[in-house]
Amino acid sequence: MADREPTRVGDLTGDAGVTLAGFEANSPGVAGGAPSADPLAEAMAAYQRGEMESFERLWTALSGEVRGYLRALSRDAVVADDLLQETFLQLHRVRHTYQPPRPVRPWVYAIARNVFLMHRRTAFRRSRHESVADDELPEIATPASADALGDRDAVRRALARLSASRREPVVLHHILGLSFKEVGAVLGCSAGAAKVRAFRGLEELRAIMSASGGRP
Amino acid sequence: MNERTQVPDNLRAAIAADLRGVRPLPPPGRRLVWVAACAAALVAAVLFFAGLRPNGGSLGPLLLWGVTAVQLIVGVALCGLALREAVPGAGASTSGKAAALGAGACFQVFASVACADATGGSPAAPFWQGDKCMGLEIVIALPALLVTAALVARAYAVRPEWAGALGGVGAGLVADAIWRLVCPYCDLVHLLVWHSGAIALLALVGLAAGALTSWQRARRVAH
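Scoring rules and cut-offs
- Residues numbered from 1 in each chain as written.
- Chains lettered and ligands numbered in written order.
- Predicted model: local features only at pLDDT ≥ 70, side-chain atom pairs only at ≥ 80, totals over all residues.
- Helix = DSSP H or I, 4+ residues; strand = E, 2+ residues; numbered from the N terminus.
- Buried ≥ 20, exposed ≤ 12 C-beta atoms within 10 Å, placed from the backbone.
- Contact = placed C-beta atoms within 7 Å.
- Domains from an automatic or database assignment.
- Nonpolar A, V, L, I, M, F, W, Y, C, P; charged D, E, K, R; others polar.
- Core = buried A, V, L, I, M, F, W, Y, C linked by C-beta atoms within 7 Å.

Undergrad: Describe the overall build of chain A, naming the residues involved and giving the relevant values.
TA: What chain A contains, in helices and strands, is 10 helices and 0 strands. Per-residue burial for chain A yields a buried fraction of 46% across its 216 residues. Restricting the contact set of chain A to residue pairs at least 6 apart, pairs at least 24 apart contribute 61%.

Rendered as structure tokens:
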């Protein structure tokens, strides 16, 4: 399976009847194959030169998906919004560490993940004792096209119940459209390990959805 | 443009207040040149001031210069991994970093055993005199460690503990490779306890510096 192709659950599980076509990346420069020039990389290079409009372009292109990623990590919309701003502030502070023409998204997600981990560290005591009841599961961002699955709420609930280590690669690859190599770069593991974790996450997602009566 | 796709006013103000052109960080390979140059300067300085060990002939050129050269390369490569780790999204995988650290440790043990084996462990140092070797190795490692730390600090390591440990072991291996040319003792206990101990200590220093960086970052995010 090509790294960037839209992923189908059936591709990974052998079940052709289940598709995650709705989880294709919805960001520019990813869906529909790799473009010849990465507009995000161009915007980032211009931002490094000091252009405010380029920052706004980056925000427009990335804030939605980074918010979704942070929401998937934190399982809290308010915290995710706070962390989103902190992520972009941090991105601004360390914008010199982006090396053109490397892909921008793994760089941004690595910073976002670090901001989340730093937040979690300070909130560790509180979060350690947090338990989430099934009926008050937090909202995890799913793209509008996830309706193709039939029961969007079931997918969202199932995603929220995935263990963090499984949810993250699923969100990064199947929802946000990062290649396995990029997912590995964000998570600090090899592309192969990222693929295995995403595959296991999908299996767990299917099992949760089957058990809860949602369409697998 | 809806509310969500607009940059929040407070964020826009913070960015605009500090917006200026910046030069992108050079690739890790080019930054590594600084560490390699530092290592080369240290070799020259230590040999100039301390001189080559008097019993170097008993080791032979392969064990003396060959092992030193390989150890220098391994040490500089570990520093390079630390520099790579300092660029978000560009670091090696955790298993890769662990393997690199393990390889560095294995090479250190191999070099110590080979040296002791070739000379029959003679001459041996009184155990407690080894602290001088350890101290001098740490002093020799400091410039390489500081150069690596400065280059890492100029970037943004998302896993600073790893970057610190890799930099510490790398600088320690560089220092041990150089001190191997000077220290006349060949007994295995001396080499493993004091020489390798210096490397372990430097790894801990790097790890602690990384942990401190993480802690400071977490505090900043909390506020």
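Let us keep going from here.
Undergrad: For the overall build of chain B, give the residues involved together with the corresponding values.
TA: When its secondary structure is counted, chain B shows 7 helices and 0 strands. Along chain B, helices (α) and strands (β) appear in the sequence α-α-α-α-α-α-α when read from the amino end. Along the first, second and third principal axes, the C-alpha set of chain B runs to 75 × 30 × 30 Å. Counting over 223 residues, chain B shows a buried share of 44%. In chain B, 91% of the contacts between residues at least 6 apart in sequence involve partners at least 24 apart.

Undergrad: Now, about the environment of Gly206(B): what can you tell me, with residues and values included?
TA: All names here are of chain B. You can see Gly206 is positioned in helix H7 (residues 188-222). Taking the C-alpha atoms as reference, Gly206 lies 18 Å from Trp194; in sequence the two are 12 residues apart. Beyond its immediate chain neighbours, meaning those up to four positions away, Gly206 contacts Gly164, Ala165, Gly167 and Gly168.

Undergrad: Tell me about unusual backbone geometry, and name the residues and values.
TA: Residue and element names in this part refer to chain A. For the bond from Pro100 to Pro101, the omega torsion is 0°, close enough to zero to count as cis. Looking at where Pro101 falls in the secondary structure, it is placed in the loop between helix H4 (77-93) and helix H5 (104-122). Here the phi dihedral of Arg75 falls at roughly 55°; this positive angle occurs in a residue that is not glycine. Tracing the sequence through the fold places Arg75 in the loop between helix H3 (52-74) and H4.

Undergrad: Describe in detail the domain arrangement of chain A, supporting the description with residues and values.
TA: When the parts come together, some accessible area is lost, and that loss is often what is quoted as the size of the interface. All names here are of chain A. Segmenting chain A into domains produces domain 1 (37-131) and domain 2 (139-216). In this complex, domain 1 contributes 14 residues to the contact, which on the side of domain 2 involves 14 residues. Elements with a contribution of two residues or more to the side of domain 1 that touches domain 2: H3 and H5. At 6 residues, H3 tops the list of elements feeding residues into the side of domain 1 that touches domain 2. A breakdown of the residues in the side of domain 1 that touches domain 2 according to their chemical character gives 8 nonpolar, 1 polar and 5 charged.

Undergrad: I'd like to hear about the nonpolar core, residue by residue, with values.
TA: Ala144(B), Val174(B) and Leu202(B) are the most contacted members of the largest nonpolar core, which has 117 residues in total. It is helix H6 (residues 160-179) of chain B that provides the largest number of residues to this core, a total of 12 residues. Lining this core are residues from two domains, each supplying at least three of them: domain 1 (37-131) and domain 2 (139-216) of chain A. In this view, Ala144(B) contacts Val35(B), Cys38(B), Ala39(B), Leu42(B), Cys79(B), Ala171(B), Val174(B) and Ala175(B); residues no more than four positions away in its chain are not counted.

Undergrad: Any chance you could break down the interface of chain B and chain A for me, citing the residues and the numbers?
TA: Taken residue by residue, the interface counts 33 residues in chain B and 40 residues in chain A. Counting residues per element, the ones that place at least two in the side of chain B that touches chain A are helix H1 (9-17), helix H4 (94-119) and H7 of chain B.

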